[in-house]
Amino acid sequence: MPLGKEGKTIAEHVYERLSQSRLIDKVVFAIPTGERNDELEQFLTARGIPCYRGSEDNVQERFIGCIRTYQPEIVVRATSDNPFVDWVQTDCQIEGLKDCDYVSSEGAPLGTGVEVFYAEGLEEAYRLVSSDREREHVTPYLYTHPERFKVKHVPYHLPLKQSYRLTVDTDHDYALAQRVYDALYDGAPIPNEHIYAWLEAHPEVSGLNADVEQKEADLISRRYKS
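In this report, the structure presented in the accompanying data block is examined. (Residues numbered from 1 in each chain as written. Predicted model: local features only at pLDDT ≥ 70, side-chain atom pairs only at ≥ 80, totals over all residues. Heavy atoms only, no water.)

1. Topic: the pattern of salt bridges
Part 1 of the argument: Per the stated rule, a full pass over the model turns up 17 salt bridges.
Part 2 of the argument: Between E115 and R77 there is a salt bridge whose closest N-O contact spans 3.0 Å. Here E115, found in strand β5 (residues 115–118), pairs with R77, found in strand β3 (residues 74–77); they are 38 residues apart in sequence, far enough to count as distant. The exposure classification of E115 matches that of R77, with both residues buried.
Part 3 of the argument: The closest approach of N and O atoms between R179 and E204, which form a salt bridge, is 3.9 Å. (Salt bridge = Lys/Arg side-chain N within 4 Å of Asp/Glu carboxyl O. Helix = DSSP H or I, 4+ residues; strand = E, 2+ residues; numbered from the N terminus. Buried < 20%, exposed > 50% of the residue type's maximum accessible area, 1.4 Å probe, protein only.)

Dropping the structure here:
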């Protein structure tokens with residue numbers, strides 16, 4: 001789906017925003033196998049965006065395959081429905097990892113944060129997981145087993161006067177994203193502080209998705225991670 005006057009897609013905006021990070025070496029899309037995703041692979045490849053293909057339902061297994069292919073020490077997990085992902089907060093989380101096993105954001109608007117963890121920790125979790133939920137959502141084993149993994153929550157780096165929903169799961173979410181990108185995108189990734197200032201000045205836009213209910217699985221994850 002396109003956002004902004006230049007017609008770039010949500011996926012391209014996510015890639016551009018993560019590429020602003022000072023500490024990320026490579027951004028790779030871990031996408032499902034299957035014929036229906038062939039077009040997505042072709043789309044990414046044509047734009048020079050690396051991708052890895054793995055299991056559709058066992059997303060943890062897909063991540064493990066991607067890790068074994070690219071051999072990172074540290075993994076940043078971002079999702080491609082978040083065209084407002086905050087690269088500054090991402091760097092804060094990477095810097096906060098150090099002697100921890102897993103770092104999430106505390107107080108970040110929904111859709112702006114990432115998860116940061118060591119690849120070897122996910123490899124260990126992969127050997128130990130027993131539920132489909134843990135396989136589908138990749139990281140629950142890391143943050144629900146404090147006896148094995150040290151978890152840290154990094155406070156959001158910007159003060160916020162109100163909460164915002166900045167993921168794109170519904171038509172109302174997409175309508176909000178369109179309004180922001182039409183107003184602010186000039187060919188370069190929009191700093192998050194500019195996004196919040198504009199939304200504060202345009203409460204009618206920030207209210208477009210105020211009534212959207214988040215999926216239960218995501219709510220459970222957020223309770224553990226923040």
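2. Some thoughts on the nonpolar core
Part 1 of the argument: Ranked by internal contacts, the top residues of the largest apolar core, which has 34 residues, are F84, L166, V180, I195, Y196 and L199.
Part 2 of the argument: Where this core is concerned, the elements lending two or more residues are α1 (10–18), α4 (87–97), β5, α8 (171–184) and α9 (192–201).
Part 3 of the argument: It is α8 that contributes the most residues to this core, five residues altogether.
Part 4 of the argument: Not counting residues up to four positions away in its chain, the partners in contact with I195 are R17, F84, L166, V180, L184 and I190.
Part 5 of the argument: Within the second largest apolar cluster, 16 residues are counted, among which are A119, V138, L142 and F149. (Core = buried A, V, L, I, M, F, W, Y, C linked by side-chain atoms within 4.5 Å. Contact = heavy atoms within 4.5 Å.)

3. Observations concerning the packing of aromatic side chains
Part 1 of the argument: By the definition in use, this model includes six aromatic pairs.
Part 2 of the argument: With a centroid separation of 6.2 Å and an interplanar angle of 80 degrees, the aromatic rings of Y141 and F149 are classed as edge-to-face. For the residue pair Y141 and F149, the accessibility class agrees, reading buried in each case.
Part 3 of the argument: Between Y156 and Y196, the aromatic rings sit 6.3 Å apart at their centres with planes inclined by 70 degrees, giving edge-to-face as the arrangement. With Y156 in the loop between β6 (151–155) and α8 and Y196 in helix α9, this residue pair connects regions lying 40 residues apart in the sequence. In terms of burial, Y156 and Y196 fall into one category: buried.
Part 4 of the argument: Of the aromatic side chains, those joined through ring pairs into one cluster are F84, Y181 and Y185. (Phe/Tyr/Trp six-rings, centres within 6.5 Å; stacked < 30°, edge-to-face > 60°.)

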